[in-house]
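# Per-entry structural report
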Amino acid sequence: MDLVTGALGKLPSKLLVLLRDEYKLQTGVKDQIRRLTRELESIHATLRKVAQAPPDQLDEQVRLWASDIREASYDMEDIIDTFLIRVDGPPKEPADEAMFKSLMKKMGKLFSLSKSKACHKIAGAIDVLSKQLEEVEKLRGRYTIDDIVHKPAAMTSIDPRLSALYPKASQLVGIDEQRDKLIQMLTEGDHDMQPNQETKIVSVVGVGGLGKTTLVKAVYDKLNLNAPCKAFVPVGQNPDLKKVLKDILIALDKESYMKGFDFNILDERQLIDELREFLKDKRYFIVIDDVWDIESWKIIRNALDDNSLGSKIVITTRKHDVADEAGCSYKLKPLTHKISKILFYGRIFGSESECPAHFSEVSEKILKKCGGVPLAIVTTSSLLANKSGNIKVWNEVCDSIGSGLGSNHNMEIMRKILSLSYYDLPSHLKTCLLYISIFPEDYEIEKKRLIWRWIAEDFVQHGEVTQSLYELGESYFNELLNRSLIQVADMLVDGTPRSCRVHDMVLELICSLSRQENFVTTVLGDSRQRTPPSGSKKVRRLSLQNTAWPTMEISKLRSIAIFSSAIFSSMTSLSCCHLLRVLDLQGCNLKNLPSLRFVGKLFHLRYLSLAYTDYGGELPAEIGKLQFLQTLDLFWIKIDERPLSNIIAGLRQMICLRVALTRLPNGLRCLTSLEHLREVIVDSACMAEELGHLTQLRMLYVQLRKDKDGRWDESLCTGFLRSLAKLHKIQKLLVVTSSDVAADLEGSVESLGNLSYLHINKTTSLPTWISPASLLLLSYLRITMVQVRTADIRVLGMLQALRYLHVEVSGDIQVLERFIVSHDAFPCATKCSFFGFSMTPSAFQPGAMPRLEEFKFSIRLKDFTAGKFIGDDLALGHLPSLQSMRVDLLGEQDVSEEVVVEVEEKLKHKADVHRNHPYIEFRK
């Protein structure tokens, strides 16, 4: 599925399915299908070319033709999918083979008649589709690349970012602190007389409009490095690297290279040689602005001679991978609220004090939406500068930000700057980014929820055989983060993103594009509606945000998401949406909804979420007919395992099942495509054995319990371990049990080699299979033990990928013998917690835990009175990245209050003298 090409990429393969003998189509219809398939492949190739050009650069006829083809492709896919469902029918209930044959024999004539009628209908539909395609063809002519002409420009387009090189003094608000920080990074450790000073490179990274160019230009103008050679050169999105190299040479020595030097005779390699020769004995300061890809940066970097004279290079980029490649990355921060107000009010009223009181509330809302992005603040304030007396206009502007409904010259300039990042995306990522416009403004979007929805919409393209669709979707998510188009909203403890947000200005862009392309229709609670430009367009994706059911035609609906706290007592109108693929009701109030039986009619459904809905009714058996269902999210609602058992067996394409501590249903072994299974209860060996059939599982959260009668099945653990040994793709494993299962996992080590996440709630001691040799990828470990040994801490410190560690001792307080955390221990750990055992007296060698930011640990107070702990023992100063500490003070009843205060004061002093002044919290 693609934004521009619609369903065209999938249609040829779907049409060819109809040529199978089982569908018994007439020869003439089959020939027609083959011709239609070839024509669609030709159109698809052409549309991929169209997709590469921004709409404002396309001839209007081409743009309209592409839109018509896209809409037609959706209709074609709907017809084919509906035919296949009618012919093949909903999945049959699992039954005895003999019974099934007997039943089919009795129904043979009826089945053949039904199939014959369906085949007759598809023959007629294919004829209609062919004629529809012929009509579109006549409008556009033949589909050749030569016909895709770009709209002639009246004049050469001016790069809207040029103004950042020559800002007005009034625009340089709040830049001093970041400018000085950047200068410090460039000059730290410099000594004018010291020989062999390495070239220093700093990369400035951030989303478009954040002020990167303005900042580095301020640094360029202020910094005096006693460098005779200076150059400030833009690169851009599609750089001509010969021109970039030429521009650097001209900027370094304009007189020589502008007079009598023929650049035309030099190729790229010769220009690199020329530049290296020129710089080899000179100290230089060069700014390379707006680098978009690593390859371009590598070529430019090779041209800049590393002559050990203390030269400086600064680059700006929107992409984190480019910044990481350049090194010494500086992530540009948005303006603070205080500075944002100075810039905003200064451009409109001269100062905040001149702002009328009744404008204050709407001003605060506008500033919140601008989110500290200078371009957004300057653009919006410029728009309002001559409307300082009209509160109605201010409210309208405020409402339009993030909605895609605003239309103004300044707004268009801002969109154009941001759209450079959008049009640099490959087509599949453009589609995934625009899909985010379905979520409300300021909404925290859970990564897993977004990726499963991408998959259900067919936005995730099949990649390498070893990659699951979810892993591929996760790479899409990470790439959008890398390009600064989405922002991390919350992180998991293992350092990976849990959720994201979209800046209001990026949301403004994607909502505008989504509306133009009829991609998503949004109905807002204040009666505003982001509908397509033409009212005749069909609604295929619908977002309802704090609003009642809309009065619109929704029979072609493919996806709906409802964001509302209202209580829903009926959703019967959805029963007519037979083409629906995504039904996301997460967070809706469904406690008064009597039944979900209508869902059983949505045969195309791929994604169904009832998470956090308070739904109290039974799950209808009709859900078991949804043969295409991939994700079923029932998290945080109470469900009975009996109806779930009746449903599960028919959902053969399920890849994600999320429930909240529900007993494992019978029939789970049928879900052989399942990859994510979360929070199920297993209380019998039979249930445990079923897990072994789910060989595609990558995430498993399971609780092993006594059965309903309160009896413990002795063979339960054995069955679970046998099943686990078969799950070779498992990456995340959480086992909650009252039995020491972990100690017996030795035989499953081979299947656990891909583990990145492990949570064990009970084990006697650290299992021997938890070792750096067997768990190379483990980044998250949470484990509760009866006893912890000094040797255990040493073993854990050797886990090279570990980012999060939580070790807890259950039962009596333990005191470890003195141990040293060696210089190479815990190389990647950022968060570490040691609870239930005293760390005193222990110490960290220099180099230990170099990335540790958050440290939680326990100390026994009576060790202080016995002279075993004096505060210096921990050597917290050797933890260079430490930002916060939580200290549990154990055994306060055994010492006086004065001792407690003295220990706290000593540790506070250690925090105060630490280079980072970490925050410290005490718990008793």
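This write-up is about the structure you can find in this document. Counting of residues starts from 1 at the beginning of each chain's written sequence and follows it residue by residue. Selection of residues for local features in this predicted model requires a pLDDT of at least 70, selection of side-chain atom pairs for listing and counting requires 80 or more, and totals for whole chains, interfaces and linings are taken over all residues. Hydrogens and water molecules were not included; the side-chain quantities draw on all heavy atoms of the structure.

Now for the overall build of the chain. Runs of E in the DSSP output that reach at least two residues are strands. Runs of H or I that reach at least four are helices, and both are numbered from the N terminus. When you go through the chain residue by residue, the secondary structure sums to 26 helices and 29 strands. Classification of residues uses two cut-offs on accessible area relative to the type maximum, computed with a 1.4 Å probe and protein chains only: under 20% is buried, over 50% is exposed, and between them is partly exposed. Going through the 924 residues of the chain one by one, you find that 54% of them count as buried. For the chain, the exposed area adds up to about 41200 Å²; of that, 51% sits on carbon and sulfur atoms. Computed with a 1.4 Å probe, the accessible areas rest on the Shrake-Rupley method; for each residue, only the protein chains presented here act as cover.

Moving on, we get to the nonpolar core. Leu 583, Leu 677, Phe 720 and Phe 855 are the most contacted members of the largest nonpolar core, which has 120 residues in total. As used here, the term nonpolar core means buried Ala, Val, Leu, Ile, Met, Phe, Trp, Tyr and Cys residues forming a set that is joined through side-chain atoms within 4.5 Å. If you look at the next biggest cluster of nonpolar residues, it comprises 93 residues, including Val 216, Phe 232, Ile 455 and Cys 511.

A word on the sheet that holds strand 3 (residues 284-291). With parallel pairing, five strands are arranged side by side in an open sheet as 2-3-4-1-5. At either margin of the open sheet sits one strand with a lone partner, and together these are strand 2 (229-236) and strand 5 (329-331). Averaged over all pairs of adjacent strands, the angle between strand axes in this sheet comes to 15°, irrespective of strand direction. A pair of strands counts as paired when DSSP detects no fewer than two bridges linking them. The pairing of strand 1 (residues 200-205) with strand 4 (residues 312-317) spans six bridges and is classified as parallel. Counterpart to Val 204 in the pairing with strand 4 is Thr 316. Residue contacts are counted whenever heavy atoms from the two residues lie within 4.5 Å of one another. Structural elements are reduced to axes, namely lines fitted to C-alpha atoms, with helices fitted over the stretch in contact, and the angle between N-to-C directions of any two is expressed from 0 to 180 degrees. The strands touched by helix 7 (residues 241-252) within the sheet are strand 2 and strand 3, with strand 2 carrying the most contacts at an inclination of about 155°.

This next bit is on the pairing of strand 12 (residues 559-563). Among the five residues of strand 12, five are classified as buried, and the element is accordingly described as predominantly covered. Burial along strand 12 is two-sided: the residues Ser 559, Ala 561 and Phe 563 and Ile 560 and Ile 562 are all buried. Sheet topology note: the strand 12/strand 13 (residues 582-584) ladder contains three bridges and is parallel. Along strand 13, the bridge assignment pairs Ala 561 with Asp 584.

Quick look at the pairing of strand 18 (residues 699-704) now. Put simply, side chains in a regular strand alternate between the two faces of the sheet. Counting buried positions along strand 18 yields six of six residues, so the element is predominantly enclosed. Side chains of strand 18 alternate between two faces, with Met 699, Tyr 701 and Gln 703 and Leu 700, Val 702 and Leu 704 buried alike. For strand 17 (residues 676-682) and strand 18, the ladder comprises five bridges, and the chain directions are parallel. When the bridges of strand 18 are listed, Val 682 appears paired with Leu 704. Handedness of a crossover is defined as follows: with both strands directed away from the viewer, a clockwise route from the first strand across the helix to the second makes it right-handed. Regarding topology, helix 22 (residues 685-691) serves as the crossover connection from strand 17 to the parallel strand 18, and that connection is right-handed. Sheet analysis places strand 18 next to strand 19 (residues 732-737), joined by six bridges and oriented parallel. Pairing of Gln 703 across the sheet is with Val 736, part of strand 19.

The next thing to look at is helix 19 (residues 469-482). An α-helix turns once per 3.6 residues; consequently, residues spaced three or four apart project the same way. Here helix 19 contains 14 residues, and its C-alpha end-to-end distance of 20 Å stays within 8% of the 20 Å for a straight helix at 1.5 Å per residue. By the burial criterion, the buried members of helix 19 are Tyr 470, Glu 471, Leu 472, Gly 473, Tyr 476, Phe 477, Leu 480, Leu 481 and Asn 482. Residues of helix 19 that are buried make contact with helix 11 (320-326), helix 17 (427-435), helix 18 (447-456), strand 7 (487-491), strand 8 (497-501) and strand 17. The span expected for a helix works out to 1.5 Å for each residue beyond the first.

All right, on to the sheet that holds strand 6 (residues 445-446) then. Read from one edge to the other, the open sheet built from three strands follows the order 6-8-7, with strand pairing classed as antiparallel. The open sheet has two edge strands with one neighbour each: strand 6 and strand 7. Relative to strand 8, strand 6 runs antiparallel, the two sharing two bridges. Note that in strand 8 the partner of Glu 446 across the bridge is Ser 499.

For helix 9 (residues 268-279), spanning 12 residues, the distance from its first C-alpha to its last is 17 Å, which sits close to the expected 16 Å at 1.5 Å a residue. Buried within helix 9 we find Leu 271, Ile 272, Leu 275, Phe 278 and Leu 279. Along the long axis of helix 9, the arc covered by the buried residues comes to 130°, so they all point the same way. Polar contacts, as used here, are pairs of N or O atoms within 3.5 Å; protein pairs need one atom able to donate a hydrogen and one able to accept it. Residues neighboring in sequence count only if both atoms are side-chain atoms. Its side-chain oxygen 3.2 Å from the backbone nitrogen of Arg 269, Asp 267 forms the N-cap of helix 9. By construction, the arc corresponds to the directions joining the helix axis to the C-beta atoms.

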